[in-house]
Amino acid sequence: MLETNGTMQKQWRWSISHIDGVRRHLPEQHNGWQPSPRLAAEKVENHYERLMEFNGIPLNTRRP
């Protein structure tokens, strides 16, 4: 999401929260700001992949 006002103006917010099957969360931050939409998406993708590995859930699978 692009922030258009305030101290984070022109920054892109990234956030990742509930994912089915995830019981344990990583200790680092799960949201933040990046200067471009691609960098924000990259943060979410990297966090998601690490979170799935941390929980022993294979990537690209659907939970029943």
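None of the values given here were measured: they were computed from a predicted structure.

J.: Any chance you could explain the packing of aromatic side chains here in plain terms?
T.: The geometry of an aromatic ring pair is captured by two quantities: the separation of the ring centres and the angle between the planes. Per the counting criterion, the structure on display carries zero aromatic pairs. Cation over ring: Arg 24 sits above Phe 54, and NZ or CZ is 4.0 Å from the ring centre.

J.: Got a minute to help me understand the environment of His 30 in this structure?
T.: As for its placement among the helices and strands, His 30 is situated in the loop between β1 (12-15) and β2 (31-34). Note on His 30: relative accessible area 40%, which makes it partly exposed. Each C-alpha atom, one on His 30 and one on His 47, is 7.4 Å from the other, the two residues being 17 residues apart in sequence. Non-local contacts of His 30, meaning those with residues more than four positions away in its chain, are made with Trp 14, Ser 15, Ile 16 and His 47.

J.: Help me understand the environment of Tyr 48 in this model?
T.: By the element assignment, Tyr 48 lies in helix α1 (residues 37-54). When its relative accessible area of 29% is taken as the criterion, Tyr 48 is described as partly exposed. Separated by 32 residues in sequence, Tyr 48 and Ile 16 place their C-alpha atoms 7.6 Å apart. Apart from residues no more than four positions distant in its own chain, Tyr 48 is found in contact with Ile 16, Ile 19 and Leu 59.

About the thresholds
- Residues numbered from 1 in each chain as written.
- Predicted model: local features only at pLDDT ≥ 70, side-chain atom pairs only at ≥ 80, totals over all residues.
- Heavy atoms only, no water.
- Phe/Tyr/Trp six-rings, centres within 6.5 Å; stacked < 30°, edge-to-face > 60°.
- Lys NZ or Arg CZ within 6 Å of the ring centre and 35° of its normal.
- Helix = DSSP H or I, 4+ residues; strand = E, 2+ residues; numbered from the N terminus.
- Buried < 20%, exposed > 50% of the residue type's maximum accessible area, 1.4 Å probe, protein only.
- Contact = heavy atoms within 4.5 Å.

Coordinates in, geometry out; function isn't part of it.
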